[in-house]
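Residue-level structure breakdown
Spelled out from the first residue to the last, the chains are:
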Amino acid sequence: MYCGKAGRGVLKAVVLTYVVAGPITNMGLNAKEVVRVFACSTQLSYNLTKIKYARMYKPLNKALLSLRKEVDGIKDAIRSIRDVISPIELEIEGMDHLQQMKAENDLSDALFDIIQRSQKDARQNHYSLDLVTNESGQYEKTYLDKMEIRCENQLSHTVTLCLNAFSSAYEECNQAIPAYATMICWPLMLPRVCNVKQLLGPEICNSRKQLNPGLGIGYAYLKKVKRELTSNLTDIKLQHKVKYERELQDVQDAKETGDRVLHAFHEKFVTMELAITTVNFCLALLFLRIAYSAQSYHDMYLTSIDFDNVYITGYFKRIDLKRRRKDKFTLLPLKKMERNRYVDVLSTYYLLSERKKLLCQILKVMLEAVTATTFVMLDRLFYEALDVVRMHAKESQPSSGVQDLEIKVESKGLLSSMVRRVLEEMSSNKQYKMVSNEMCLPRPRAMPSLFYFKIYGGYIWILLLVFINPYTMRLRRLICSHFYPVREKQRILHLYNDILKKRVKMDKTLRRRAVQSVRAHYLSGENLLSLRIRFPQMLGWLEALPVARMKCLICEETAPRDCDRSHRASTIQGWHSCVKTRCPFVYCEECWREVGSQCLACDPALAELSDIDSLSDDNPPRH
């Protein structure tokens, strides 16, 4: 039974166990390695971020936090701008003493009986036509007016000094010669001599000629710069603490994330291992199928006399020889149709039914081998992909190094001091270890070579059992006959009598066989044979295939090539066909003689057989 169908089923279960324990389990282990690489990569990314912060952002942050004193110095420097700009503002916008100057100018004008300068409309519009267009023009006009008032005030002072000088000279002259004072000292009483402005001309105090153009624009920008630099000094702050930290809930770090992923995969992997163990246990129970099949054959051998009773043994031949010596009707040699049903225990040839089963079983085994190969190839592909990542993703950088950075700032200014402070913190001379990704590279596991031998060796052994199956099936009867010789003789006598009865009714047996073959031919549906017959010109080449050729109506032997049914008798090839054009059936030489050299398919008496008569009386199939 181990070499039969039950044994092959157990062997297939064993090979399936090897497939589960080999490529499928190995894919699970490699998948576990992928999960480990993912968890390790997460931690590596976190560590690289920490190192990047320690080497780049932390020194910069420390340097910026150390700039508090420099920030205070910058504030003081900016505040000193007020001291620089205040005198300029006072000069351009200051209006102190202008009213006194205007009063002195009006007094000077009154001495010479001329219109007072403060009341002149000309001065009010003197610079307004082309200057008062914007803020800068207003600043320039104001300063020009201020400069003109100052100039006129200087002239007024000159007139006053001049008048005072003439007045003093007149008094001294009057005191020196009082008798002739009126005659001699009167030229000293001419005040118009001191009218300096009239003598110098009206354009003497035109201040536009004395100032460079663009004064108002430059002063407006200076005011704006002052406003921008000094207005936001209180807003300059160097903040290095987070005043409020939002409390985070259910947050896990990189290591905890990796551990959780590994733990979750481990739980799934344990479940898979439990399922594999259960499958292996169930497959192990299949070994009981061999004992069950052996016991079933044993029981059927003893209870059913027709069960697997198809063997022509030595005892069968001795019975036939005795009948031959007594000139009685004998069975040996068997007819061709009988040789396809009964097995000679000394013959090494396969029966027709055994050849059909052999091809079907080989195809099944090959299909199962292809399925197993699919898992093997998937496992190998998975391994090769991880191995390529392992070979090409590894970093070839040294494991350690020295960071030596020194930057000098030689200037002594305020900004230079700030830059120097920042760069001093970033300058370093320290040794450090490089972070390598070697621990995070996948380490794939290749399936052991022993599993290749077990899997494909198992299928080769199954194919060998398929080929020797017809011979091992005959051993079952031999073993039972050894333990039950009396039962074996009964079975052989029954077989001999059964064949003898059928031989006597050979004509009816042949007709029954013909009915079965004719019905099977017309009920088979579309196949290669029907297509070749329907389209002989187009598909005649299908005759090269055995499945596309006709078979003997009685023994079902496949006709040879070039056996044309249009010939009445093919004496060269030993095959015969019906003379009727529409009859496609053929006969081998021996079956043609058995049917009396006439086509049973065309016999009108064939239609008289009932459906019960057309049923096969063959023995049940052997297992």
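This text follows the structure it describes.
What you see is a predicted model, and the numbers here were worked out from it, not measured in a lab.

Between leucine 332 and the following residue, proline 333, the backbone shows a cis peptide bond with an omega angle of -5°. Looking at where proline 333 falls in the secondary structure, it is placed in the loop between helix H11 (314-325) and helix H12 (336-339). For aspartate 327, which is not glycine, the phi torsion reads 60° and is therefore positive. Tracing the sequence through the fold places aspartate 327 in the loop between H11 and H12. In this structure, serine 597 takes a positive phi of about 55° despite not being glycine. Turning to its location among the elements, serine 597 is positioned in the segment after helix H20 (589-594). Note on serine 597: relative accessible area 40%, which makes it partly exposed.

Together, Leu475, Leu478, Ile479 and Phe483 give the surface a local cluster of nonpolar side chains, amounting to about 420 Å² of exposed area. The topology assignment puts isoleucine 479 in helix H15 (residues 449-483).

This part takes up the nonpolar core. Most often, soluble globular proteins have nonpolar side chains that are buried together. Membership of the largest hydrophobic core comes to 24 residues, with the highest contact counts inside it found for Leu510, Cys552, Ile554, Tyr587 and Leu600. Of all the secondary structure elements, the ones that give two or more residues to this core are helix H17 (506-523), strand E7 (586-588) and H20. It is H17 that contributes the most residues to this core, 4 residues altogether.

Another point: the packing of helix H10 (residues 288-303) against helix H16 (residues 485-504). The interhelical angle for the contact between H10 and H16, taken along N-to-C directions, is 60°, at an axis separation of 10 Å. One element, H10, and the other, H16, form an angle in the oblique class. Mapping the contact onto sequence places Tyr301, Leu302 and Thr303 in H10 and Arg487, Glu488 and Arg491 in H16. Broken down by class, the residue content of the contact of H10 with H16 amounts to 2 nonpolar, 1 polar and 3 charged.

For the rest of this paragraph, the subject is the state of the cysteines. This model, assessed by the stated rule, comprises 1 disulfide. Residue pairing for cysteine 40: its cysteine sulfur links by disulfide to cysteine 440, the two sulfurs lying 1.9 Å apart. Between cysteine 40 and cysteine 440 the disulfide shows an S-S torsion of about -75°. By sign, it is left-handed. With cysteine 40 in helix H1 (residues 5-65) and cysteine 440 in the loop between strand E4 (428-433) and H15, the pair connects residues that are 400 residues apart, well separated along the chain. For cysteine 40, a relative accessible area of 17% translates into the label buried. By relative accessible area, which is 9% here, cysteine 440 ends up buried. Free of any disulfide, cysteine 555 has its nearest cysteine sulfur in cysteine 552, 3.5 Å distant. Here cysteine 588 is not cross-linked by a disulfide; its sulfur's nearest cysteine counterpart is in cysteine 591, at 3.4 Å.

Before going further, it helps to examine helix H13 (residues 352-392). With 41 residues, H13 extends 59 Å from end C-alpha to end C-alpha; this agrees with the ideal 60 Å at 1.5 Å per step. The inward-facing, buried residues of H13 abut H1 and H15.

Rules used in this analysis
- Residues numbered from 1 in each chain as written.
- Predicted model: local features only at pLDDT ≥ 70, side-chain atom pairs only at ≥ 80, totals over all residues.
- Heavy atoms only, no water.
- Helix = DSSP H or I, 4+ residues; strand = E, 2+ residues; numbered from the N terminus.
- Buried < 20%, exposed > 50% of the residue type's maximum accessible area, 1.4 Å probe, protein only.
- Patch = residues over 30% accessible without salt bridge, like charges linked within 9 Å, V, L, I, M, F, W, Y side chains within 5 Å.
- Areas by Shrake-Rupley, 256 points an atom, 1.4 Å probe, with all protein chains shown as cover.
- Salt bridge = Lys/Arg side-chain N within 4 Å of Asp/Glu carboxyl O.
- Core = buried A, V, L, I, M, F, W, Y, C linked by side-chain atoms within 4.5 Å.
- Axes fitted to C-alpha atoms, helices over the stretch in contact; angles between N-to-C directions.
- Parallel < 35°, antiparallel > 145°, perpendicular 65-115°, else oblique.
- Contact = heavy atoms within 4.5 Å.
- Nonpolar A, V, L, I, M, F, W, Y, C, P; charged D, E, K, R; others polar.
- Disulfide = S-S within 2.5 Å.
- Expected span 1.5 Å × (residues − 1).

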